[in-house]
Amino acid sequence: MTTTATVTRVPLIFSGHFPINKSGCASQSTVYFLGSSSSTSSAGRSLFSSSPTTTKRLRRAGFTVLASNSMAPSIVLVTGAGGRTGSIVYKKLKERSEQYVARGLVRTEESKEKIGGAEDVFVGDIRESESISPAIQGIDSLIILTSGVPKMKPGFDPSKGRPEFYFEDGAFPEQVDWIGQKNQIDAAKAAGVKQIVLVGSMGGTDLNHPLNSLGGGNILVWKRKAEQYLADSGVPYTIIRAGGLQDKEGGVRELLVGKDDELLQTETRTIARDDVAEVCIQALQYEEAQFKAFDLASKPEGTGTATNDFKSLFSKATARF
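Residues numbered from 1 in each chain as written. Predicted model: local features only at pLDDT ≥ 70, side-chain atom pairs only at ≥ 80, totals over all residues. Heavy atoms only, no water.

Please give an account of the packing of aromatic side chains that cites residues and values.
For the coordinates displayed, the defined rule picks out five aromatic pairs. Relative to Y229, the ring of W178 lies with its centre 5.7 Å away and its plane at 85°, an arrangement referred to as edge-to-face. Placement of W178 in helix α5 (residues 173-190) and of Y229 in helix α7 (residues 219-231) is noted, with a sequence separation of 51 residues between them. The exposure class of W178 is buried, given its relative accessible area of 14%. The exposure class assigned to Y229 is partly exposed, which follows from its relative accessible area of 27%. Here a set of aromatic residues connected by ring pairs shows up, and it is made of Y286, F294 and F314. Of note, K225 hangs over the ring of W178, and the distance from its end group to the ring centre comes to 4.7 Å. In this structure, R241 packs its charged tip against the face of F321, placed 4.8 Å from the ring centre. (Phe/Tyr/Trp six-rings, centres within 6.5 Å; stacked < 30°, edge-to-face > 60°. Helix = DSSP H or I, 4+ residues; strand = E, 2+ residues; numbered from the N terminus. Buried < 20%, exposed > 50% of the residue type's maximum accessible area, 1.4 Å probe, protein only. Lys NZ or Arg CZ within 6 Å of the ring centre and 35° of its normal.)

Dropping the structure here:
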């Protein structure tokens with residue numbers, strides 16, 4: 001019985017000491033390698049294939065090998081895309097359409113319209129697994145920027161001390177920062193994502209941190225629980241614990257990474273939202289960012305050197321959690 005192999009032509013461009021062409025000049029040629037798409041005997045395969053081994057041999061022989069068919073853009077979902085930091089991440093991804101296909105997940109139609117109302121923005125409730133499934137199916141990476149948001153009680157009088165805060169029913173940190181993030185991690189893992197980037201907050205090592213007292217929500221406790229769940233999930237991850245978020249221009253400060261809230265003991269405890277957004281996207285590009293958890297802050301503008309070597313930045317982070 002004859003076995004028929006289905007083959008795909010993959011164009012590879014060679015340059016180097018190539019045979020002389022008819023005009024007497026060394027040529028740069030396109031050679032089509034055959035790659036089998038089924039499991040067949042060696043008789044059904046070409047002597048050449050576009051495998052890493054073949055590529056290495058050709059390079060040793062003096063050829064430069066260039067793939068003429070570029071990699072498809074990576075599909076990245078940003079949850080919390082209607083938030084102040086999430087909307088920046090979503091916008092940055094849209095601006096880099098040659099690298100990424102952006103998706104957003106927001107909680108309401110109003111939030112969707114606020115960031116443009118595009119078809120790639122899904123409306124869903126992270127507290128309900130089935131609600132977020134359509135947004136997650138088919139993605140390569142997930143950037144989680146959802147968070148419980150405390151609200152100030154009305155009638156605050158500055159002359160009478162500090163304001164009081166509360167969380168709306170159903171929107172406490174346990175429901176949003178724990179259950180909601182756990183649902184996202186589970187759904188992304190089931191969908192086979194390659195990486196999850198989770199943005200949290202510094203201060204999680206201190207149970208008495210003031211953020212935990214806001215509205216009685218223990219927000220850092222629940223964030224930390226979700227971070228641990230992600231670290232134990234087996235999915236490649238990057239956990240970014242940002243310092244105090246500022247609405248300032250990004251890309252003009254030296255960024256700092258730390259661990260275990262050590263940066264909170266210094267004067268460098270804040271960071272621009274734009275810089276956090278950039279670090280989220282850069283984390284998708286470097287292996288040095290995977291299986292890492294780190295605090296993130298920046299030096300004041302005008303001191304140090306603006307960070308543009310993100311591989312080096314991620315290499316400085318050494319903690320897995």
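Any details on the sheet that holds strand β11 (residues 237-242)? Residues and values, ideally.
On the basis of which strands lie adjacent, the open sheet formed by eight strands has the order β6-β5-β4-β7-β10-β11-β15-β13 and mixed pairing. Two strands close off the open sheet at either side, each with one partner strand: β6 (121-123) and β13 (255-258). Taking the axes of each pair of neighbouring strands and ignoring which way they run, one obtains an average angle of 25° across the sheet. The sheet contact formed by strand β4 (residues 74-79) and strand β7 (residues 141-144) spans four bridges and is parallel. Bridging across to β7, V76 finds its partner in S141. (Pairing = 2+ DSSP bridges. Axes fitted to C-alpha atoms, helices over the stretch in contact; angles between N-to-C directions.)

So what about the packing of α5 against α7? Which residues, and what values?
The geometry of α5 relative to α7 is characterised by a closest axis approach of 8 Å and an angle of 15° between their N-to-C directions. Between α5 and α7, the angle is such that the two are roughly parallel. Relative to α7, the crossing made by α5 is right-handed. Side by side, α5 and α7 meet where P173, E174, D177, W178, Q181, K182, I185 and D186 of the first sit next to I219, W222, K223, K225, A226, Y229 and L230 of the second. For the contact of α5 with α7, the per-class residue count stands at eight nonpolar, one polar and six charged. (Parallel < 35°, antiparallel > 145°, perpendicular 65-115°, else oblique. Left-handed = near helix turned anticlockwise from the far one by under 90°. Contact = heavy atoms within 4.5 Å. Nonpolar A, V, L, I, M, F, W, Y, C, P; charged D, E, K, R; others polar.)

If you had to explain the pairing of β13 to someone new, which residues and values would you point to?
Side chains on a regular strand alternate between the two faces of the sheet. Both faces of β13 are covered, namely the face carrying L255 and V257 and the face carrying L256 and G258. The pairing of β13 with strand β15 (residues 292-298) spans four bridges and is antiparallel. Bridge pairing links V257 to L296 in β15.

For the nonpolar core, give the residues involved together with the corresponding values.
Within the largest apolar cluster, 34 residues are counted, with the highest numbers of intra-cluster contacts made by V89, L93, I143, V279, F294 and L296. Per-element tally for this core: the top contributor is helix α8 (residues 273-282), with five residues. Once you skip the residues sitting within four places of it in the chain, F294 turns out to touch T238, I239, I240, R241, V257, G258, V279, F314 and A317. One finds L142, A188, L230 and A231 within the second-largest nonpolar core, a separate group that totals 22 residues. (Core = buried A, V, L, I, M, F, W, Y, C linked by side-chain atoms within 4.5 Å.)

Explain the packing of helix α4 (residues 129-136) against α5 residue by residue, including any values.
How two helices pack is summed up by the angle between their axes together with the distance between the axes. Between α4 and α5, the least distance of the axes is 10 Å, while the angle of their chain directions is 45°. Judged by the inter-axis angle, α4 sits oblique to α5. Seen from above, α4 lies across α5 with right-handed handedness. Only N183, Q184, A187 and A188 of α5 make contact with α4, whose side of the interface consists of S129, I132 and I136. Partitioned by chemical class, the residues of the contact of α4 with α5 number four nonpolar, three polar and no charged.

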